[in-house]
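Listed here are the chains, written in short residue letters.
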Amino acid sequence: MVQTVPRKDVVTSGAPEPGDDGLPAAPAGPLKRWLSLGVRVAVVVAIAAGMVWSVVDQWPQVRSTWLGLAWQSVVLSVLAALAGMVANTMAWRAAVRDLEHRVSVPAALRICLVGQLGKYIPGSVWAYVLQVELSRRAGLPRARAFLATLVSVGLGVTAALGLGLLSLPALREAAGGGDYSTYADSVRVALWIVAALFPVALVCAVPRVLTALVQLALKVLRRPPLTHRLTWPGVSRVVGWSALGYTLFGVHLWLLANAQATPGVEGLLRSVGSFAIAMTVGMFAFLSPSGLGVREAVLVAALAPFLDGNGGVGAAMGIALASRLIFTIADVLAAGLAALSGVRQLRRDAPTETSATPAG
């Protein structure tokens, strides 16, 4: 007979869910297989096209700034962005854990780092759709993966808005116009979004309230309810990892600004706060790949004062666009390394999973 070893990437500790019970799926017909392949190819092509368009579209504006950056600043900036992505992955994993499932770190990295490439397709939801599908393939029920994404994003917004308080004085000044009149409207919109979201985010971060929202979502999805309430330690882990991720993203921006001027500690705090707000507000630019345009307006308003004698607003825009290019590079590196680890895992486990022992 054939002995198999159960998957160790995902451990389901909750009750089986209808439609996601982990049983082998019925064999798909040729048409379904071809359609599935076609969809996968279309998604890959769309992501690749979005990434190429993002780079080509920004290059004329960012070229002079990019060529003026020291390679050490670029390398450190990429590493900071990668570390921030890993921290956000750990936040998602912590949310999964509080939703009664466990996902190994390698599996979580593959799900989140490959899934985030969906943000290069216009429409903010595609990264989350891809993440849920990758979770299902790893053995996590769709409903729990979807809820983990909602919880991690929601609590991540809470963390980001909290860090965003560091940059509010600068953004309020930019919203007044003056030297930043080009970006004043975008900054005002960002501030209104922060003002409206932060109180709601704080209330929803309370475990009792968050549990009620999750139970409601499970009821709508016709899935079994949670068997326990979400906890303060669980919520704290998600918020803590998210805050670390946004802080590292701010460090990534500060390293680029530091290559042009000397923003110091104040510039570091402002970089962390402005980047957290910029990424949060970028989520609401539904038709823009990864919040293109909205994010840059907030970053320019925050960075320009430190670059007043080194190019001013023009240099700030160059750094903001260079930041986006570096994030594109980091996204590719992170997804590639995560996918490579998955291939190695499959090769390592294949002999064990198919090994046969004599019957009787």
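Cut-offs used in this document
Note that residues are indexed from 1 along each chain, following the sequence as it is written. Local features in this predicted model are restricted to residues whose pLDDT is 70 or higher, and side-chain atom pairs enter the listing and the counts only when it is 80 or higher, whereas totals over whole chains, interfaces and linings include all residues. Here the side-chain values reflect all heavy atoms present in the structure, with hydrogen atoms and water set aside. Comment: elements are numbered from the N terminus, with helices defined as DSSP H or I runs of at least four residues and strands as E runs of at least two. Each residue gets one of three labels from its accessible area relative to the maximum for its type: buried under 20%, exposed over 50%, partly exposed in between, using a 1.4 Å probe on protein chains only. Contact criterion: two residues are considered in contact whenever any of their non-hydrogen atoms come within 4.5 Å of each other. Residue burial considers only the protein chains on display, and all accessible areas are found by Shrake-Rupley using a 1.4 Å probe. Think of a polar contact as two N or O atoms within 3.5 Å of one another; within protein, one of them needs to be a possible hydrogen donor and the other a possible acceptor, and neighboring residues in sequence only count if both atoms come from side chains. A fitted line through C-alpha atoms represents every axis, and for helices the fit uses only the stretch in contact; the resulting angles, taken between N-to-C directions, go from 0 to 180 degrees. Oblique is the label for any angle not under 35 degrees, not over 145, and not in the 65 to 115 range, which are roughly parallel, roughly antiparallel and roughly perpendicular in turn. In this scheme the crossing of two helices becomes right-handed for a clockwise turn of the near helix relative to the far one and left-handed for an anticlockwise turn of less than a right angle. Each residue receives one of three labels: charged for Asp, Glu, Lys and Arg, nonpolar for Ala, Val, Leu, Ile, Met, Phe, Trp, Tyr, Cys and Pro, and polar for the others, Gly being one of them. What makes a salt bridge here is a side-chain nitrogen of Lys or Arg within 4 Å of a carboxyl oxygen of Asp or Glu, nothing more. Working definition: rings of Phe, Tyr and Trp (its six-membered ring) pair if their centres are within 6.5 Å, and the pair is stacked with planes under 30 degrees apart, edge-to-face with planes over 60 apart, and tilted otherwise. The patch calculation keeps residues exceeding 30% relative accessible area without a salt bridge and links them within 9 Å when they carry like charges or within 5 Å when they are nonpolar (Val, Leu, Ile, Met, Phe, Trp, Tyr).

### Points about the overall build of the protein
- Secondary structure assignment for the protein yields 12 helices and two strands.
- Ordered by position in the sequence, the α and β elements of the protein form the string β-α-α-β-α-α-α-α-α-α-α-α-α-α.
- Counting every position in the protein, which comprises 360 residues, the buried fraction comes to 47%.
- Pairs at least 24 residues apart make up 76% of the contacts formed inside the protein by residues separated by at least 6 positions.
- Here the protein has roughly 17,800 Å² of accessible surface; of this, 68% comes from carbon and sulfur atoms.

### As for the environment of Thr-280
- For Thr-280, the location among the structural elements is in helix H10 (residues 264-282).
- Residue class for Thr-280 comes out buried when judged on its relative accessible area of 1%.
- On a C-alpha basis, the gap between Thr-280 and Ala-160 in space is 7.0 Å, while along the polypeptide they are 120 residues apart.
- Ignoring sequence-local partners within four residues, the contact set of Thr-280 consists of Val-157, Ala-160, Leu-161, Leu-197 and Tyr-246.
- Polar side-chain contacts of Thr-280 include one of 2.8 Å to the backbone oxygen of Ala-276.

### Describing the side chain of Ser-152
- You can see Ser-152 is positioned in helix H5 (residues 142-164).
- A polar side-chain atom of Ser-152 sits 3.0 Å from the main-chain carbonyl oxygen of Thr-149.

### Concerning the packing of H5 against helix H9 (residues 232-258)
- The geometry of H5 relative to H9 is characterised by a closest axis approach of 8 Å and an angle of 55 degrees between their N-to-C directions. Considering the angle they form, H5 stands oblique to H9. Handedness of the H5/H9 crossing: right-handed. Counting all contacts with H5, which are made through Ser-152, Leu-155, Gly-156, Ala-159, Ala-160 and Leu-163, the residues of H9 involved are Val-235, Val-238, Val-239, Ser-242, Ala-243, Tyr-246 and Thr-247.
- Residue composition of the contact of H5 with H9, by class: nine nonpolar, four polar and no charged.

### Regarding the environment of Tyr-246
- With respect to the secondary-structure elements, Tyr-246 resides in helix H9.
- Residues Tyr-246 and Ala-81 lie 165 residues apart in sequence; the distance between their C-alpha atoms is 9.2 Å.
- The residues touching Tyr-246, leaving out its near neighbours within four places in the chain, are Gly-156, Ala-160, Leu-163, Val-272, Ala-276, Met-279, Thr-280 and Met-283.

### As for the pattern of salt bridges
- For the coordinates displayed, the defined rule picks out five salt bridges.
- One salt bridge in this structure joins Arg-136 and Glu-133, with 2.8 Å as the shortest N-O distance. Of the two residues, Arg-136 and Glu-133 are both situated in helix H4 (residues 126-137); the distance of three residues between them amounts to about one turn of the helix.
- When salt bridges with common partners are traced through the structure, they connect Glu-133, Arg-136, Arg-137 and Arg-142 into a single cluster.

### Points about the packing of aromatic side chains
- Under the definition given, this model contains four aromatic pairs.
- With centroids separated by 6.1 Å and ring planes inclined at 45 degrees, the aromatic side chains of Phe-249 and Phe-275 adopt a geometry described as tilted. Of the two residues, Phe-249 is situated in helix H9 and Phe-275 in helix H10; the sequence distance between them amounts to 26 residues.
- Centroid distance Phe-275 to Phe-327: 5.6 Å. Interplanar angle 20 degrees. Geometry classified as stacked. In this pair, Phe-275 is assigned in helix H10 and Phe-327 in helix H12 (residues 312-353), connecting sequence segments 52 residues apart. Both residues of the pair, Phe-275 and Phe-327, belong to the buried class.
- Connected via pairs of aromatic rings, a cluster forms that spans Tyr-246, Phe-249, Phe-275 and Phe-327.

### Quick look at a nonpolar patch on the surface
- Taken together, Trp-71, Val-75, Leu-76 and Leu-79 make up a surface patch of nonpolar side chains, about 430 Å² in accessible area.
- Residue placement: Trp-71 occurs in helix H2 (residues 71-98).
- Accessibility expressed as a relative area gives 61% for Trp-71, which makes it exposed.

### Comments concerning the environment of Leu-117
- Structurally, Leu-117 can be placed in the loop between helix H3 (105-115) and H4.
- With 214 residues separating them along the chain, Leu-117 and Asp-331 place their C-alpha atoms 6.9 Å apart.

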